[in-house]
Amino acid sequence: MSQKKILIVGAGGFIGGFIAKTSLSRGYETWVAVRESTSRRYLDDPALKFIVLDYENSEEIQNVLTQSMPDGEKWDYIIYNLGATKCVNFLDFKRINFTYLRNFVEALKVTDKIPEKFLYMSSLSALGAWDEKNYTPATTDITPEPNTAYGLSKIMSENYLENMAGIPYIIFRPTGVYGPHEKDYLMMIKSIDSHFDFGVGYRRQMLTFIYVEDLVNAMFDALESPKAINNKYNISEDRSYTQDEFRKIVADELGKSFVIPVKLPLWAVYGVSYIAGKWGKLRLKPTTLNPDKYKIMKQRNWNCDIEEARRDFGFDPKFSLVDGIKETVAAYLKSKKK
C-alpha cells in the first residue's frame, strides 16, 4: 500500500507546526505550503516537502501545483490552515481568509487535484454570539450571525466550500486554541506571572479551550474517518471555565500564590480598543486590541456542543485545561531561561 500524501496549507504558524509534526509521526508523506516570507522555525524536519505559493494569483498557484504533482497525481488529503486573526480592516480579512481560499480551490479544480478530503480550519467566532442568558452550548446547526469582520470572513469561506460542487469538505470550528508557541494566551500567562489578571466585563463569562495537540489529532482522525465528510464540527474540550478558574490554574502552575484580579468595565475596554484600532489603521498595521477583538472579548458564552465530532470520528480530548496549561507554562518558563 502506497504512502498517503497530505498537503498542509498555512503550515508556518503555531498550529501549522504541530500539524506537520503530527502528520510525519502518523506516517504521511507530508507537504507544506508556505509563502516566500513565511518563517520555517517550526518546519525544520528534513522529511518535509515544501511548495511556495502566492495566494494572490490562482494561475500562479496552478503552475506550482502542476510542477509539484505531475498529471494524474494528487494529494490524498489537504488541510487548509491559512488565515489571519488580526487585520486592519474587513477588506484585509476578506482577502486573506476568503479570496486566498477561493484562489486555491479554483487552482485545485483547474489542475484536477481535488483531494479525497479537504479540511478547512474555520473558527467558533464564525457563529457570532449566542444565548448569553442561559449559556446553552452552541450546536453545529445554529444559524451563524457573525458580529466581527473575522467571523464574517470565515463564514464566507464556509459558505463557499459548501456551495462549491465537488469539494469533499470537512469544516472545523475550534474554540480558543492554546499551547506552546501560541501568542495571545501567552500574554495572559505573562500577566499572571506578573501578579495581575485582567478580565473584561462584570457578567459571568464561560470560556472554552482546546489544547493544540488535541485539535491536531482531531484533524487526522476526521480525515481518516469515512463518516466525516461534508460536515461541520465544533472542536473544544468538553467543559467550560470561568476567568477565575483559568487564573487559578495558571497561577498554580506558575507557583504564584498572589495574583490581583482586575475587572475592566466594557466601556473602558471598548474605548481603548477603538483608539488602538484607529492607530493601527493609521500605521497600516493590525493591533492586538481593536473593535473586532473587543466583540470577541465581550462575548459571555463560549460553550459548544461537540457530540457530532464524537459520533463521526471519536473525538475525545486528552488534555484538560490543567494538563494543557502545564505543558504551555513549562514551555514559557523554559523560554524565559534562554
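Summarised in this report is the structure supplied together with it. (Residues numbered from 1 in each chain as written. Predicted model: local features only at pLDDT ≥ 70, side-chain atom pairs only at ≥ 80, totals over all residues. Heavy atoms only, no water.)

Let us now look at the overall build of the chain. Counting its regular elements, the chain contains 11 helices and 11 strands. Expected size for 338 residues packed as a compact globule is a radius of gyration near 20 Å; at 20 Å, the chain falls within 12% of this value. With the principal axes as the frame, the chain shows a C-alpha extent of 60 × 40 × 40 Å. The buried share of the chain, taken over its 338 residues, is 51%. When contacts within the chain are restricted to residue pairs at least 6 apart in sequence, those whose partners lie at least 24 apart make up 78%. Approximately 16100 Å² of the chain is accessible, and the part contributed by carbon and sulfur atoms is 53%. The distance from the centre of the 46 positive side-chain charges to the centre of the 43 negative ones in the chain is 6 Å. (Helix = DSSP H or I, 4+ residues; strand = E, 2+ residues; numbered from the N terminus. Rg over C-alpha atoms; globule rule 2.2 N^0.38 Å. Buried < 20%, exposed > 50% of the residue type's maximum accessible area, 1.4 Å probe, protein only. Contact = heavy atoms within 4.5 Å. Areas by Shrake-Rupley, 256 points an atom, 1.4 Å probe, with all protein chains shown as cover. Lys, Arg positive; Asp, Glu negative; His and termini not counted. Charge placed at Lys NZ, Arg CZ, Asp CG, Glu CD.)

A few words on the packing of helix H7 (residues 243-254) against helix H11 (residues 321-337). Running from N to C, H7 and H11 point in directions that differ by 45 degrees, and their axes come no closer than 9 Å. Put simply, H7 runs oblique to H11. Considering how the two elements wind past one another, H7 and H11 form a crossing that is right-handed. In contact with Phe-246, Ile-249, Val-250, Glu-253 and Leu-254 of H7, H11 contributes Leu-321, Val-322, Ile-325, Lys-326, Val-329, Tyr-332 and Leu-333. Partitioned by chemical class, the residues of the contact of H7 with H11 number 10 nonpolar, no polar and 2 charged. (Axes fitted to C-alpha atoms, helices over the stretch in contact; angles between N-to-C directions. Parallel < 35°, antiparallel > 145°, perpendicular 65-115°, else oblique. Left-handed = near helix turned anticlockwise from the far one by under 90°. Nonpolar A, V, L, I, M, F, W, Y, C, P; charged D, E, K, R; others polar.)

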